[in-house]
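Structural description and commentary
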Amino acid sequence: MTEVATARRSRITPEREAELYAAVLDLLREVGYDALTMDAVAARTRSSKATLYRQWGGKADLVVRAIKHTKPDHGEGIDTGSLRGDLHALIRLDDDCTIEQNSALMRGVAMAMHNNADLRRAFRAQLVEPELSGFHQVIQRAVDRGEVRGDCPALEFLLHMMVGGFATRALLDDQPPTQAFLTSYIDAVVLPALGIPATS
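Residues numbered from 1 in each chain as written. Predicted model: local features only at pLDDT ≥ 70, side-chain atom pairs only at ≥ 80, totals over all residues. Heavy atoms only, no water.

This part is about the side chain of S103. In this structure, S103 sits in helix α7 (residues 96–113). The residues touching S103, leaving out its near neighbours within four places in the chain, are F166 and P177. (Helix = DSSP H or I, 4+ residues; strand = E, 2+ residues; numbered from the N terminus. Contact = heavy atoms within 4.5 Å.)

Quick look at the layout of surface pockets now. Quantified by volume, the largest pocket comes out at close to 980 Å³. Lining the largest pocket are 30 residues, and of these K71, M106, E131, V163 and F166 lie nearest its centre. Within the residue set of the lining of the largest pocket, elements represented by two or more residues are α6 (83–91), α7, α8 (117–145), α9 (158–173) and α10 (179–193). Among the elements that line the lining of the largest pocket, the one with the most residues is α8, at eight residues. For the lining of the largest pocket, the residue count by class is 20 nonpolar, four polar and six charged. (1 Å grid on protein atoms, 1.4 Å probe; cavity = no way out; pocket = protein on both sides within 12 Å on 5 of 7 lines; lining within 4 Å. Points joined across faces, edges and corners; volume = space filled by probe spheres on them. Nonpolar A, V, L, I, M, F, W, Y, C, P; charged D, E, K, R; others polar.)

Let us now look at the packing of helix α2 (residues 14–31) against helix α5 (residues 59–70). Their axes nearest at 9 Å, the elements α2 and α5 cross at an angle of 110°. Considering their axes alone, α2 and α5 lie roughly perpendicular with respect to each other. In this structure, α2 uses A18, Y21, V24, L25 and L28 to contact α5, whose residues at the interface are L62, V63, R65, A66, I67, H69 and T70. (Axes fitted to C-alpha atoms, helices over the stretch in contact; angles between N-to-C directions. Parallel < 35°, antiparallel > 145°, perpendicular 65-115°, else oblique.)

Turning next to the packing of aromatic side chains. Within the structure shown, the criterion is met by two aromatic pairs. Note on Y21 and W56: the rings are 5.9 Å apart at their centroids and 65° apart in plane angle, and the pair reads as edge-to-face. In this pair, Y21 is assigned in helix α2 and W56 in helix α4 (residues 49–56), connecting sequence segments 35 residues apart. The same class applies to Y21 and to W56, which are both buried. Judged by centre distance (6.3 Å) and plane angle (20°), the ring pair of F181 and Y185 falls under stacked. Of this pair, F181 and Y185 both sit in helix α10, four residues apart, which is roughly one turn of the helix. On the basis of relative accessibility, which here comes to 23%, the residue F181 falls in the partly exposed class. A relative accessible area of 17% means that Y185 is categorised as buried. Across the ring face of Y33, the terminal group of K59 is positioned such that the distance to the ring centre comes to 4.2 Å. (Phe/Tyr/Trp six-rings, centres within 6.5 Å; stacked < 30°, edge-to-face > 60°. Buried < 20%, exposed > 50% of the residue type's maximum accessible area, 1.4 Å probe, protein only. Lys NZ or Arg CZ within 6 Å of the ring centre and 35° of its normal.)

Before going further, it helps to examine the nonpolar core. Formed by 28 residues in total, the largest nonpolar core has its most connected members in L28, I67 and L119. Counting only elements with at least two residues in this core, the list comes to α2, α3 (38–45), α4, α5, α7 and α8. A142, L155, L159 and L182 belong to the second-largest nonpolar core, a separate cluster that totals 26 residues. (Core = buried A, V, L, I, M, F, W, Y, C linked by side-chain atoms within 4.5 Å.)

One can describe the packing of α2 onto α3 by two numbers: an axis separation of 10 Å at closest approach and a directional angle of 125°. By the angle between their directions, the pair α2 and α3 is classed as oblique. With respect to the hand of their crossing, α2 and α3 are arranged in right-handed fashion. Facing α2, whose interface residues are R16, L20, A23, V24, D26, L27 and E30, α3 presents A40, V41, R44 and T45. (Left-handed = near helix turned anticlockwise from the far one by under 90°.)

Residues lying three or four places apart along an α-helix face the same way, a consequence of the helix completing one turn every 3.6 residues. For α8, built from 29 residues, the straight-helix expectation of 42 Å at 1.5 Å per residue is met to within 8% by its first-to-last C-alpha distance of 40 Å. R124 marks where α8 bends most, by close to 40°. Along α8, the residues that are buried comprise L119, A122, F123, Q126, L127, E131, G134, F135, V138, I139, R141 and A142. Buried residues along α8 sit against α5, α6, α7 and α9. Capping of α8 at its N-terminal end is provided by N116; its side-chain oxygen lies 3.1 Å from the backbone amide nitrogen of D118. Backbone geometry just downstream of α8 places G146 in the positive-phi region, at approximately 85°. (Expected span 1.5 Å × (residues − 1). Bend = angle between axes of the 7 residues up to and from the residue. Polar contact = N/O pair within 3.5 Å; in protein donor to acceptor, adjacent residues only side chain to side chain.)

Shown next, in the form of structure tokens:
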């Protein structure tokens, strides 16, 4: 199935694909997931709806792939020699403007996922599982270095903690998450939960 989808998408140049994804995200910010239609995407990108369905199968897959296109590969190539350094490096992958945009976008998509099984499935397969894989690599290196006990009960909640800091900043403080906030959150909450002094 993945090979078929990849073969289909290969007919579109990387530049055209990036243009399509940017248009999808613009529409998503403007109208939200529920009101976004393939007709609107086709009109905005001067594409045929048939082409969009042929390449991506449907709205859920197209939207999630558009979001994934803008996200760096978390954990890929990051190895600073300490868990604190790795987590800080992950935060620095996006600047404050991008973090704010992604935060607003993810809030809207998260609401839509409650009522849309296709979107939940696509989101988990294309974003959550790769994210978990990247975090597992970061954590395993920390365990191998002896920074974190392998049986530390907080390990399985690392991604929950990271997402929590990202997602609740706007809800509780009415401010977007920033690199400075997330870095402080890691030092004050995440590292101590894992038994690591923030200054390590």
